[in-house]
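Descriptive structure summary
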Amino acid sequence: MPKEKLLILGGTEFVGRQLVETLSGFDQYELYLFNRGQTNPNIFPHANRIIGDRETDDIRKIGQYKWDYIVDFSSYFPASLKRTLEHVNKDVNRYIYISTISVYSLAHHDGLSAIDESFKKKPFEDEQLETPGLQFYGEKKAACEQILKRNSWLKAIILRPAVIYGKYDPTDRLYYWIERIQNKRQLILPDHGDYRMSLTYGPDMVKTIMSGLSGDLKPGTYNCVSDRPYAFRFILETIRDELKSDCEFISIPANLLRNRKLSTREFPLWWGYDVWIDNGHLKNASDLDFSDPEESFRKTAQFYAGLSWPKPKAGFSHEAEDQVLTELGLN
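One structure accompanies this document, and this report is about it. Keep in mind that what you see is a predicted model, and the values were worked out from it rather than measured.

Remarks on the side chain of Arg 94
The topology assignment puts Arg 94 in strand β5 (residues 94-98). Summary of buried charges: Arg 94 has no salt-bridge partner, and the nearest side chain of opposite charge, Asp 216, is 8.6 Å away. Excluding residues that lie within four positions of it along the chain, Arg 94 makes contacts with Asp 68, Tyr 69, Ile 70, Lys 155, Ile 157, Gly 212, Gly 215, Leu 217, Lys 218 and Pro 219.

As for the layout of surface pockets
There is about 1700 Å³ of room inside the largest pocket. Lining the largest pocket are 49 residues; nearest its centre among them are Phe 73, Tyr 76, Leu 134, Tyr 137 and Thr 171. Mapped by element, the contributors of at least two residues to the lining of the largest pocket are α1 (15-23), β2 (29-35), α4 (137-150) and β7 (163-165). By volume, the second largest pocket amounts to about 230 Å³. For the second largest pocket, the lining is made up of 15 residues, of which Pro 78, Ala 79, Lys 82, Leu 129 and Ile 147 are closest to its centre. Mapped onto the lining of the second largest pocket, the elements with two or more residues apiece are α2 (78-85), α3 (126-129) and α4. Residue contributions to the lining of the second largest pocket peak at five residues, all from α2. Residue classes in the lining of the second largest pocket are distributed as seven nonpolar, two polar and six charged.

Things to note about the pairing of β2
Of all seven residues that make up β2, six are buried, and the element is covered over most of its length. Here strand β1 (residues 4-9) runs beside β2; their pairing, made up of six bridges, is parallel. Its bridge partner being in β2, Glu 4 is matched across the sheet by Tyr 29. Crossover β1 to β2 through α1 is right-handed. Across four bridges, β2 lies against strand β3 (residues 48-51) in parallel orientation. Residue pairing in the sheet places Tyr 32 in a bridge with Asn 48 of β3.

Regarding α2
For α2, the full list of buried residues reads Pro 78, Ser 80, Leu 81, Thr 84 and Leu 85. The buried residues of α2 occupy one face: seen down the axis, they fall within an arc of 160°. The inward-facing, buried residues of α2 abut β1, β4 (69-72), β5, α3 and α4.

Thoughts on the packing of helix α5 (residues 175-183) against helix α7 (residues 232-243)
Taken N-terminus to C-terminus, the directions of α5 and α7 make an angle of 45°; their axes are 10 Å apart at the nearest point. It follows from the interaxial angle that α5 and α7 lie oblique. The interaxial crossing formed by α5 with α7 has right-handed handedness. Within the contact between the two elements, α5 uses Trp 177, Ile 178, Ile 181 and Gln 182 and α7 uses Phe 232, Leu 236, Ile 239, Arg 240 and Leu 243. By residue class, the composition of the contact of α5 with α7 is seven nonpolar, one polar and one charged.

As for α5
In terms of burial, α5 is a largely internal element, seven of the nine residues being buried. Where α5 is buried, its residues contact β8 (186-190), α7, β13 (248-252), α10 (293-305) and α11 (318-327).

Considerations on the pairing of β5
With five of its five residues buried, β5 lies for the most part within the structure. Because side chains alternate across β5, one face comprises the buried residues Arg 94, Ile 96 and Ile 98, and the other comprises Tyr 95 and Tyr 97, equally buried. As defined by bridge partners, β4 adjoins β5 across four bridges and the pair is classed as parallel. Its bridge partner lying in β5, Ile 70 is registered against Tyr 95. Handedness of the β-α-β unit built from β4, α2 and β5 comes out right-handed. Relative to strand β6 (residues 156-161), β5 is paired through four bridges, and the arrangement is parallel. Opposite Ile 96, over in β6, you have Ile 157 as the bridge partner.

With respect to the pattern of salt bridges
The tally for this structure, following the rule as stated, stands at 16 salt bridges. Between Lys 313 and Asp 172 there is a salt bridge, and its shortest N-O distance comes to 3.4 Å. Within this pair, whereas Lys 313 is found in the loop between α10 and α11, its partner Asp 172 is found in the loop between β7 and α5, the two being separated by 141 residues in sequence. Each of the salt bridges in this network shares a partner with another, and the network as a whole consists of Arg 180, Lys 184, Glu 321 and Asp 322.

Points about the packing of α7 against α10
It is the contact of α7 with α10, at a shortest axis distance of 9 Å, that shows an interaxial angle of 55°. Comparing the axis directions of α7 and α10 gives the class oblique. The way α7 lies across α10 gives a crossing that is right-handed. Along its contact with α7, which presents Phe 234, Ile 235, Thr 238, Ile 239, Asp 241, Glu 242 and Leu 243, the element α10 presents Glu 294, Phe 297, Arg 298, Ala 301, Gln 302 and Ala 305.

About the thresholds
- Residues numbered from 1 in each chain as written.
- Predicted model: local features only at pLDDT ≥ 70, side-chain atom pairs only at ≥ 80, totals over all residues.
- Heavy atoms only, no water.
- Helix = DSSP H or I, 4+ residues; strand = E, 2+ residues; numbered from the N terminus.
- Buried < 20%, exposed > 50% of the residue type's maximum accessible area, 1.4 Å probe, protein only.
- Lys, Arg positive; Asp, Glu negative; His and termini not counted.
- Salt bridge = Lys/Arg side-chain N within 4 Å of Asp/Glu carboxyl O.
- Contact = heavy atoms within 4.5 Å.
- 1 Å grid on protein atoms, 1.4 Å probe; cavity = no way out; pocket = protein on both sides within 12 Å on 5 of 7 lines; lining within 4 Å.
- Points joined across faces, edges and corners; volume = space filled by probe spheres on them.
- Nonpolar A, V, L, I, M, F, W, Y, C, P; charged D, E, K, R; others polar.
- Pairing = 2+ DSSP bridges.
- Right-handed = clockwise from strand over helix to strand, strands pointing away.
- Arc of directions from axis to C-beta.
- Axes fitted to C-alpha atoms, helices over the stretch in contact; angles between N-to-C directions.
- Parallel < 35°, antiparallel > 145°, perpendicular 65-115°, else oblique.
- Left-handed = near helix turned anticlockwise from the far one by under 90°.

Given below as structure tokens:
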């Protein structure tokens, strides 16, 4: 029986990398990766490689094959997505698109109720969609979702993850806190860490994608988050227990931090308000069993503990944090 052709746009970083690792255990797929060949270029020698930049005419290369499945991790611009679909065979079984909860207009959220897939989306203008880089990220993703839905021939599964955590995370947003818990005597915890956040564990997202490839998850749009929202303090306390650390959490009110022009740039994952994303639609449409939250945070801490504690790319330095504590008379 011939293998099914599976194309992954991206696939060598973070969740894409986790997905390819999982797929390596399945013989039914003939796996192709389309990317620029710049991130982790030497991993997955067993996979077929199509080297190219999807923002250029290189995307034409995918039209050389008839695909059974496509998983799209790397689409950020509507114009690029339109060009991509021009080279996709009309009988592709599934097109799994990785979107984001950033499509939601959180300015309209009361912070109390759960956000489901019908929640108001961010409006967008043409000039926003053409802006280079990650500015207007949510607006661009919302526009990409519209394109997918307008192509009625496409059996699209649109997944909206929250902030994703787990191994291979290139952003270091959670690792910032893990490293501090391991290596500092004190850390600043904005506003007691009582605000709740919906997050997405990388392996849970892989499970969801695999459910789409198997046909268990039908075409549609789904919030892809890992069960209930967690208080940020709970996350950090779980990690502290796993690392057997005695790091002290120093709670500082938000107004004091903002008066010093400190924000989520210095404190990754500090939003200062609850973000509760409802995953009921996904749960009702599948038999997915997501990871236990405490276990997922412990596994994430274990992974980073094996990396010899490099300096996090996110947040500000130990020295700058200590200076803030000193100025406030808290250390």
